[in-house]
Amino acid sequence: MSWLFGYKSQVPQAPPPGGEGGAPQDPSSAGQAAGDVNLSKAERKAMEAYRFDSSALERAAEAARTLERSKHAREALELSKLQEATRQQEFMTKAKEYEAHIEASKVEHKRVDHEERRKTLAEETKHQQQRAQYQDQLARKRYEEQLAQQQRVQDENLRKQEESVAKQEAMRRQTIEHEMQLREKNKMKLLEAELRAKAKVDRENRDLTLEQIRLKAEENRITVMEGIKTAGSVLGQGATALLTDWNKVVTTVGGLSLLALGVYSAKGATGVTARFVEARIGKPSLVNETSRFSLLEAVRHPIKTFNRFKTKPTDALQGVVLQPKLEERLRDIAIATKNTKTNNGLFRNILFHGPPGTGKTMFAKKLATHSGMDYAIMTGGDVGPMGRDAVTAIHKVFDWANTSRRGLLLFIDEADAFLRKRSSEQISEELRSALNAFLYRTGEQNPRFMLVLASNTPEQFDYAINDRLDEMVEFVLPGIEERERLIRLYFDKFVLQPASEGKKRFKVEQWDYSAVCSQMAELCKGMSGREISKLGVSWQAACYASEQGVLTEKMVLDRCEAAVRQHRQKMAWLSEHEKLDHKSVTGGKGFIM
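Residues numbered from 1 in each chain as written. Predicted model: local features only at pLDDT ≥ 70, side-chain atom pairs only at ≥ 80, totals over all residues. Heavy atoms only, no water.

### Considering the overall build of the chain
Item 1. The helix and strand inventory of the chain stands at 18 helices and eight strands.
Item 2. Here the chain holds 593 residues, and 26% of them are scored as buried.
Item 3. Counted over contacts in the chain with a minimum sequence separation of 6, partners at least 24 positions apart contribute 79%.
Item 4. Accessible area of the chain: about 41,900 Å², with a carbon and sulfur share of 56%. (Helix = DSSP H or I, 4+ residues; strand = E, 2+ residues; numbered from the N terminus. Buried < 20%, exposed > 50% of the residue type's maximum accessible area, 1.4 Å probe, protein only. Contact = heavy atoms within 4.5 Å. Areas by Shrake-Rupley, 256 points an atom, 1.4 Å probe, with all protein chains shown as cover.)

Okay, here's the thing in structure tokens:
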């Protein structure tokens, strides 16, 4: 509709009045134009804002009249309306796009705000963590300083106490020394007084004393002279009678010869008898325990000796708890040893090695009983202290073993104590000689005795000892299944059986024994069978120590946890060298009761 107001109008304008030549204009307008020339550009622009162009209205009215007379007036009006509606739609579209852009800007602003807030929270969290760590470091530092200060105070107090004790001890020692000096002075003064009194008395009785001494000496001289004369006369008469009578000379010489021969024969017979008694009836000094019959042991323990004769050979693996493969191997050894004894064959030398408390000694005894043999137990640690007598003692042990009629299983516990490596170990000459004697007596296999060595550190054996071993068996720590079986066995032995027998002050509460035994088997990881057996004894001690004499589930578990803590403490005490020596102390699945 801009053409209505004269903007960009296509309607031709009427010429101004007065023709094309330019009629004279209004003098007022000319004066106004002349006045506008003197105004600045800004002032002219301000003046134009207040001017009103009447010619534009005239042109608009003329255009409206022309449009009304035109036949396309209605179409032009409709077209202008459509144009105006189109402009309004475009304006509304732009307004909505602007609103959408504003909403997107708001969303982006919120996202950026949220991201900034998240980063701010992350930074605050980080700063809080750093502040907490710093405060924790400061607290720990203060605590360490407090501990150090307390330690210094304790050290200072201890030093003062030690100084005080030392001063008191010094004062007490000085007091005692002073008292001793006073006593010594008093004794010296008393002795001096006594000596002075005695000297005074002696001086007064000097003549009398000298006379008495003279008389006693005269009497002693006369007595000695008469004794000499009497003895000389008797010996002279006897010698004269002996030398003049030949029969008496022969009888005297024969009696002296028979006396010397009797003394020599008695001495030899005594030595032979002692060796026979030591080899047949007694036992060598190195043997600590034996099942072989001994007259001295029979006299000391007749009931025990009688019961020993009543026992019959039993299964070597009776009451054994161990890994199935190890059980199969030991059963083969037991069967082979029994058949070797029956057929009078050559016995094999065996090594049992593993951590302590896994039953090496117990199985050796069961093996000897199962095979119908006697057993003898000695300790390698007893050889070293014997010094030079060790070689003789070892020979006596093997001589004694060779005289066994039933066969002997010689079990040497802690054998590495005297069978160490000669090349790398620093051993004495006496121990080296004892090792050589042992190697000499075990150079060949023997049908009389069987040698079984036991050690926790078999890697320390001399190479010659390893060469004499025919078989090596490792006894390892019990696994989870074996520990559970052992705990159930010892619980029945040390708890249930005494409770069922009705012993005084020994009762057991009702609780799930099976579940508790399984729980304790999990706790006792790494413990040997010996430690588990001691755990059974501790249950009895807990029951006896209670007020009512009743064993509860809590008491059993408390004792088990205490035993586990003690086991861990023992393992912590081991040095690095001991841990290397006891490689099998942390593993395994076997144990022998």
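Now that the structure has been shown, we can carry on.
### Some remarks on the packing of aromatic side chains
Item 1. Evaluated as defined, the whole model comprises 11 aromatic pairs.
Item 2. Taken together, a centroid distance of 5.0 Å and an interplanar angle of 70 degrees make the contact between Phe352 and Phe475 edge-to-face. A residue pair is termed long-range when its members are at least 10 positions apart, and Phe352 in strand S2 (residues 350–353) and Phe475 in the loop between strand S6 (471–474) and helix H14 (480–500) qualify at 123 residues. Exposure class is identical for Phe352 and Phe475. Each is buried.
Item 3. Site record: aromatic cluster; members linked through ring pairs are Phe398, Phe418, Phe438 and Phe449. (Phe/Tyr/Trp six-rings, centres within 6.5 Å; stacked < 30°, edge-to-face > 60°.)

### Considering the environment of Asp416
Item 1. Within the secondary structure layout, Asp416 lies in the loop between strand S4 (408–413) and helix H12 (429–441).
Item 2. Setting aside residues up to four positions removed in sequence, Asp416 forms contacts with Ser455, Asn456, Thr457, Gln460 and Phe461.
Item 3. Of note is the side chain of Asp416, whose polar atom sits 2.6 Å from the side chain of Ser455. (Polar contact = N/O pair within 3.5 Å; in protein donor to acceptor, adjacent residues only side chain to side chain.)

### Concerning the side chain of Asn349
Item 1. Take Asn349: it is sitting in the loop between helix H9 (324–342) and S2.
Item 2. By relative accessible area, which is 9% here, Asn349 ends up buried.
Item 3. From its side chain, Asn349 meets the backbone oxygen of Arg468 in a polar contact 3.1 Å long.

### Examining the nonpolar core
Item 1. Formed by 32 residues in total, the largest nonpolar core has its most connected members in Ile412, Leu419, Phe438 and Leu453.
Item 2. Of all the secondary-structure elements, those providing two or more residues to this core are strand S3 (374–379), helix H11 (389–402), S4, H12, strand S5 (449–455) and helix H13 (463–467).
Item 3. If we skip the residues at most four places from it in the chain, Leu453 touches Ile350, Leu351, Phe352, Ile412, Ala415, Leu419, Phe438, Ile465 and Leu469.
Item 4. Counting 27 residues, the second largest nonpolar core, distinct from the first, contains Cys517, Trp539, Leu551 and Val564. (Core = buried A, V, L, I, M, F, W, Y, C linked by side-chain atoms within 4.5 Å.)

### Focus on H11
The periodicity of an α-helix, 3.6 residues per turn, causes residues three or four positions apart to be oriented the same way.
Item 1. In this model H11 runs 20 Å from its N-terminal to its C-terminal C-alpha over 14 residues, within 8% of the 20 Å that 1.5 Å per residue would give.
Item 2. Ala390, Ala393, Ile394, Val397, Phe398, Trp400 and Ala401 are the residues of H11 that are buried. Taken end-on, H11 shows its buried residues confined to a sector of 160 degrees, consistent with a single buried face. (Expected span 1.5 Å × (residues − 1). Arc of directions from axis to C-beta.)

### Overview of the pairing of S5
Consecutive side chains of a regular strand alternate in pointing toward one face of the sheet and then the other.
Item 1. Here S5 lies mainly inside the structure; seven of its seven residues are buried.
Item 2. Burial of the side chains of S5 extends over both faces: Phe449, Leu451, Leu453 and Ser455 are buried on one face and Met450, Val452 and Ala454 on the other.
Item 3. Pairing between S2 and S5: four bridges, direction parallel. Bridging from a neighbouring strand, Leu351 pairs with Leu453 of S5. (Pairing = 2+ DSSP bridges.)

### With respect to the state of the cysteines
Item 1. Considering all chains together, one arrives at zero disulfides under this definition.
Item 2. In this structure Cys517 is a free cysteine whose sulfur lies 9.8 Å from that of Cys560, the closest cysteine sulfur available.
Item 3. Take Cys517: its relative accessible area is 3%, and that puts it in the buried class.
Item 4. Just so you know, Cys524 is unpaired, no disulfide at all, and the nearest cysteine sulfur is the one on Cys560, 3.6 Å from it.
Item 5. Cys524 gets classed as buried once you look at its relative accessible area, which sits at 0%. (Disulfide = S-S within 2.5 Å.)

### Digging into a nonpolar patch on the surface
Item 1. A surface patch of nonpolar side chains, amounting to about 290 Å² of accessible area, comprises Met188, Leu191 and Leu195.
Item 2. Mapped onto the elements of the fold, Leu195 is located in helix H4 (residues 73–204). (Patch = residues over 30% accessible without salt bridge, like charges linked within 9 Å, V, L, I, M, F, W, Y side chains within 5 Å. Salt bridge = Lys/Arg side-chain N within 4 Å of Asp/Glu carboxyl O.)

### Details of the packing of helix H15 (residues 513–523) against helix H17 (residues 553–573)
Item 1. Remark: H15 packs on H17, axes separated minimally by 10 Å, with the N-to-C direction vectors making an angle of 15 degrees. The orientation of H15 relative to H17 falls into the category roughly parallel. Crossing geometry of H15 relative to H17 is assigned as right-handed. Residues Val516, Gln519, Met520 and Leu523 of H15 form the contact with H17, whose own contacting residues are Glu553, Val556, Leu557, Cys560, Glu561 and Val564.
Item 2. Class assignment for the residues of the contact of H15 with H17 results in seven nonpolar, one polar and two charged. (Axes fitted to C-alpha atoms, helices over the stretch in contact; angles between N-to-C directions. Parallel < 35°, antiparallel > 145°, perpendicular 65-115°, else oblique. Left-handed = near helix turned anticlockwise from the far one by under 90°. Nonpolar A, V, L, I, M, F, W, Y, C, P; charged D, E, K, R; others polar.)

### So, empty space enclosed by the protein
Item 1. Applying the stated criterion across every chain yields a total of three cavities of 30 Å³ or more.
Item 2. Counted by class, the lining of the largest cavity contains three nonpolar, four polar and one charged residues.
Item 3. One number sums up the size of the second largest cavity: a volume of about 40 Å³.
Item 4. In terms of lining, the second largest cavity is formed by Leu286, Met378, Ile394, Val397, Phe398, Leu410, Ile412, Phe418 and Phe438. (1 Å grid on protein atoms, 1.4 Å probe; cavity = no way out; pocket = protein on both sides within 12 Å on 5 of 7 lines; lining within 4 Å. Points joined across faces, edges and corners; volume = space filled by probe spheres on them.)

### Quick notes on the side chain of Arg292
Item 1. One can find Arg292 in the loop between strand S1 (287–290) and helix H7 (295–300).
Item 2. Salt bridges are absent for the buried Arg292, whose nearest opposite-charge side chain, Asp374, sits at 5.1 Å. (Lys, Arg positive; Asp, Glu negative; His and termini not counted.)

### Overview of helix H10 (residues 360–371)
Item 1. The terminal C-alpha atoms of H10 lie 17 Å apart, and with 12 residues this matches the ideal 16 Å at 1.5 Å per residue to within 8%.
Item 2. Within H10, burial applies to Lys360, Phe363, Ala364, Leu367, Ala368, His370 and Ser371. Along H10, the residues classed as buried sweep out an arc of 165 degrees about the axis, all on the same side.
Item 3. Directly beyond the C-terminal end of H10, a positive phi value near 75 degrees is found at Gly372.

### Let's talk about the sheet that holds S4
Item 1. If you walk across this open sheet you meet the six strands as S1-S3-S4-S5-S2-S6, and the pairing is mixed. Edge positions in the sheet fall to S1 and S6, since each of these pairs with one other strand and no more. Neighbouring strand axes in the sheet, compared pairwise and without regard to direction, differ in orientation by 20 degrees on average.
Item 2. Where S3 and S4 come together, six bridges link them in parallel fashion. Residue pairing for S4: Tyr375 is matched across the bridge by Leu409.

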